[in-house]
Amino acid sequence: MTHDDSAATAAATYFEAWLAGDFARLRTVLADDATFSGPMGQAHGADECLRGLQGLATIMTGIEIRKVFTAGSDVLTWSEMATKVADLVPVANWMHIEDGKITRIRAAFDPRGILAGS
């Protein structure tokens with residue numbers, strides 16, 4: 001399987017922009033029809049995905065990227081998310097990227113600490 005530099009770049013931009021609170025920049029790497037699915041909900045379309053990320057950003061204090069795996073147009077990121085309301089939350093984030101745009105995001109984490117603290 002070949003490495004897709006645009007996939008790695010889009011994923012890096014996603015996390016950098018999210019951490020910086022630069023949602024206009026984050027929007028540039030989301031495909032209009034992007035979807036999100038995770039333990040706290042689903043979103044359909046880039047604007048709905050963006051609203052969900054903005055909501056989570058209100059309690060997030062940081063993300064420590066531990067490992068990034070790239071396989072073709074897919075990027076899997078293992079990270080630890082710090083929040084105002086819970087202990088560190090380990091997160092697996094799987095993105096599919098086409099033509100430099102994120103089309104699908106799947107996140108897996110245990111939301112119990114976040115839900116209890118919010």
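Residues numbered from 1 in each chain as written. Predicted model: local features only at pLDDT ≥ 70, side-chain atom pairs only at ≥ 80, totals over all residues. Heavy atoms only, no water.

J.: Residue-level account of the pairing of strand β6 (residues 101–108), with values.
T.: Two strands pair when backbone bridges link them, and strand β1 (residues 30–38) and β6 are joined in this way by 4 bridges, in the parallel orientation. The partner of S37 across the bridge, within β6, is R106. Summarising the sheet, strand β5 (residues 89–98) and β6 pair through 7 bridges and their orientation is antiparallel. Along β6, the bridge assignment pairs I97 with I102. The turn joining β5 and β6, which pair antiparallel and follow one another in sequence, is formed by 2 residues; a positive phi near 55° is taken by D99. (Pairing = 2+ DSSP bridges. Helix = DSSP H or I, 4+ residues; strand = E, 2+ residues; numbered from the N terminus.)

J.: Which residues make up the side chain of S79, and what are the values?
T.: Tracing the backbone through its elements, the reader meets S79 in strand β4 (residues 74–83). Judged by its relative accessible area of 3%, S79 is buried. (Buried < 20%, exposed > 50% of the residue type's maximum accessible area, 1.4 Å probe, protein only.)

J.: Pulling in residues and values, what's your account of helix α3 (residues 46–57)?
T.: Its 12 residues give α3 an end-to-end C-alpha distance of 16 Å, which sits within 8% of 16 Å, the value for a rise of 1.5 Å per residue. Every buried residue of α3 is accounted for by A46, C49, L50, L53 and L56. For α3, the angular spread of the buried residues around the axis is 125°, confining them to a single face. Among the structural elements, α1 (5–20), α2 (23–27), β1, β2 (41–44), β3 (60–71) and β4 are those in contact with the buried residues of α3. (Expected span 1.5 Å × (residues − 1). Arc of directions from axis to C-beta. Contact = heavy atoms within 4.5 Å.)

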